[in-house]
Amino acid sequence: MNKDHYILGIETSCDETAASVVKNGTEIVSSIVSSQIQQQKLFGGVVPEIASRLHVEQITLVIEEALREAKLLPSDLEAVAVTEGPGLVGALLIGINAAKAFAFANQLPLIGVHHIAGHVYANQLIHEMEFPLLALIVSGGHTELVVMKSHGCFELIGETRDDAAGEAYDKVARVLGLPYPGGPQVDRLALASEQSVDFPRAWLEADSYDFSFSGLKSSVINYKHNVEQKGGHIVPEHVAAGFQQSVVDVLTVKTVRAAKQYAVKQVIAAGGVAANQGLRNSLTAAFEKEDIPFYVPPISLCTDNAAMIAAAGYEMWKSGVRGDSTMNGRPGMQLRSWNE
Amino acid sequence: MIWLGIDTANSPLSVAIVKDDVLLIEESSMMKVNHSLRAMPAVEEACRKASIMPYEIDAIAVSEGPGSYTGVRIGVTIAKTLAWTLDKPLYGVSSLKSLAMNGQFFYGLICPLIDARRSNVYSAVYRATSGDLAAVMEDQHCALEELLEKLKKLAEPVLFVGEDVKLHESVIRENLGDQVLFASFAMNVPRASSAIALAQLAEQAEKVHTFTPQYKRITEAEANLVKKESAHE
Ligand SMILES: [Zn+2]
């Protein structure tokens, strides 16, 4: 019998303080997420200084809870994995310094994980990854298409040139007067609507896997202005539905095209916007038609969590990747392969 | 009894280990360092040089602010994580009081000062008592002008301590004249051993999980919210 390997994951890149223990990179033993949504709601968005303050209040509680729920001691762990970047620098620093102190106190190796690698590896917690694999990462800060030929080997084939998909969602939500966080509300309105306003799709160059959402956002703003100038009122449901269709359409078509071009065995979606029901439905239907296996983690693993960081950390640990106590928060960190 | 002390509340970094009332090692650096990069390595190095394993630490003292928001958070996060996982008592010590300890043999008022930009400061006024400092004015964020007015009224000799005092030296002189003395460079370095000395006087350890920095200032976003709310009333 092989020994089980437990990794402690810590994530504080934005407004969630999270810790988790994952077994052998695939099994969640515990996953604690303390969200700041209630506090940040007051400000209509994430205020970095407040996020950092709240992380300090939560960090040891959350780690303790993760270990308690896992019924494990620090000595049962193999390593500590923590989000090194990208994210809000002040927020990242709390998780990183807690991870460093914990690793030192318990004489454990420390591993710095890229947040997006974490989102990708959230999938490893629900099924085995098969390569080559295509990952669509969509969140408030990211819209990326990544091809993986093996574990820890990332090739970025497309990304947003302006707003991230989630950012566009939040901005449109604000235009529609929806409270923070607006993304899920746009999704809800869109799904309930039977009509939709027609908005353009930004396909960019014919062979490009890049995305652009700022034009779409402007179209929504212009549409509202035009209607209101004529003394009318927009129907938020119809706008939400039209906006969502445009975003989902572009994401789906480009992801399908990339999956075929790279002849991948598996397509996965990850990130906060992968919790969007409209997008999930569209991708599921499209890949069913193409007969390519498509997976998206349950919503709790799409939004920020530490299990995904532990899952990615496990693969890095297996590959011999180690960080040390000079680790710094890297707000603009690039996704780099640890296996070539 | 082995104490670990950490002060990253402002740009200087200080780490100390005190064993049975002997200062085994102290590293204090006035160089502008990135605490996120340097703080934990400094703790590790101090332990290694003093041949101390982490589990041998009996108590932890940390400078809890006020000061640089990010700096103080790094020290506090490290200290509370160590205290929690090692299950050892944690003591938070005012960064200003700790700095004022450098003037503990001064017969008069001791005024530690940290610049807070736009003519504001974090400051306090202390008076040395036997082995401790008594607050004449509590730690606060205030206009430098306001502080100087208070000191003028107290009409006693004042010793200013802290690297940031330089930034305001002329204004201080103008206002307080020969009532004032300035500490030398050797006395302007915050020392983690002072944090330990003050922690040893504390009656009670902190509750580790809920322990947070003393920012002495709400965030701008909160201030704006308060403004907005009072405008609505
Ligand atoms: Zn994320």
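Residues numbered from 1 in each chain as written. Chains lettered and ligands numbered in written order. Predicted model: local features only at pLDDT ≥ 70, side-chain atom pairs only at ≥ 80, totals over all residues. Heavy atoms only, no water.

**Focus: the overall build of chain B**
A count of helices and strands for chain B gives seven helices and ten strands. Against the globule reference of 17 Å for 233 residues, chain B gives a C-alpha radius of gyration of 18 Å, in line with a compact fold. Seen through its principal axes, chain B has C-alpha atoms that stretch 50 × 50 × 35 Å. Buried positions account for 53% of the 233 residues belonging to chain B. Here the contacts in chain B between residues at least 6 apart in sequence split such that 64% fall between residues at least 24 apart. Carbon together with sulfur atoms contributes 51% to the accessible area of chain B, which is approximately 11000 Å² in total. Treating the 23 positive side-chain charges of chain B as one cloud and the 30 negative ones as another, the clouds have centres 3 Å apart. (Helix = DSSP H or I, 4+ residues; strand = E, 2+ residues; numbered from the N terminus. Rg over C-alpha atoms; globule rule 2.2 N^0.38 Å. Buried < 20%, exposed > 50% of the residue type's maximum accessible area, 1.4 Å probe, protein only. Contact = heavy atoms within 4.5 Å. Areas by Shrake-Rupley, 256 points an atom, 1.4 Å probe, with all protein chains shown as cover. Lys, Arg positive; Asp, Glu negative; His and termini not counted. Charge placed at Lys NZ, Arg CZ, Asp CG, Glu CD.)

**Observations concerning the overall build of chain A**
Counting its regular elements, chain A contains eleven helices and ten strands. Expected size for 340 residues packed as a compact globule is a radius of gyration near 20 Å; at 20 Å, chain A falls within 12% of this value. Over its C-alpha atoms, taken along the principal directions, chain A stretches across nearly 70 × 45 × 30 Å. For chain A, the residues scored as buried account for 60% of the 340 residues in total. Contacts in chain A between residues at least 24 apart in sequence constitute 74% of all its contacts with a sequence separation of at least 6.

**A look at the packing of helix α2 (residues 48-70) of chain A against helix α2 (residues 69-86) of chain B**
Interhelical geometry of α2 of chain A versus α2 of chain B gives an angle of 10° and a closest axis separation of 11 Å. In terms of orientation, α2 of chain A lies roughly parallel with respect to α2 of chain B. In contact with E49, S52, R53, V56, E57, I59, T60, I63, E64 and L67 of chain A of α2 of chain A, α2 of chain B contributes Y69, R73, V76, T77, K80, T81 and W84 of chain B. Across the contact of α2 of chain A with α2 of chain B, the residue classes tally to seven nonpolar, four polar and six charged. (Axes fitted to C-alpha atoms, helices over the stretch in contact; angles between N-to-C directions. Parallel < 35°, antiparallel > 145°, perpendicular 65-115°, else oblique. Nonpolar A, V, L, I, M, F, W, Y, C, P; charged D, E, K, R; others polar.)

**What about the environment of A103 of chain A?**
Residue and element names in this part refer to chain A. Summarising the element assignment, A103 is placed in helix α3 (residues 89-105). Taking the C-alpha atoms as reference points, A103 and D198, 95 residues apart in sequence, are found 53 Å from one another. Apart from the residues within four sequence positions on either side, A103 is in contact with V80, L108 and L110.

**Quick word on the domain arrangement of chain B**
Residues and elements named next belong to chain B. In terms of domain boundaries, chain B breaks down into domain 1 (2-95 + 190-217) and domain 2 (96-187). Relative placement of domain 1 and domain 2: their C-alpha centres are 23 Å apart. Between domain 1 and domain 2, the contact holds 19 residues from the first and 15 residues from the second. Three residues stand out in domain 1 for area buried against domain 2, namely L198, K216 and R217, and they jointly supply 31% of the buried area on that side. Linking domain 1 with domain 2 are zero salt bridges. In terms of residue class, the side of domain 1 that touches domain 2 is made up of ten nonpolar, five polar and four charged. (Domains from an automatic or database assignment. Buried area = accessible area lost by both parts, 1.4 Å probe. Salt bridge = Lys/Arg side-chain N within 4 Å of Asp/Glu carboxyl O.)

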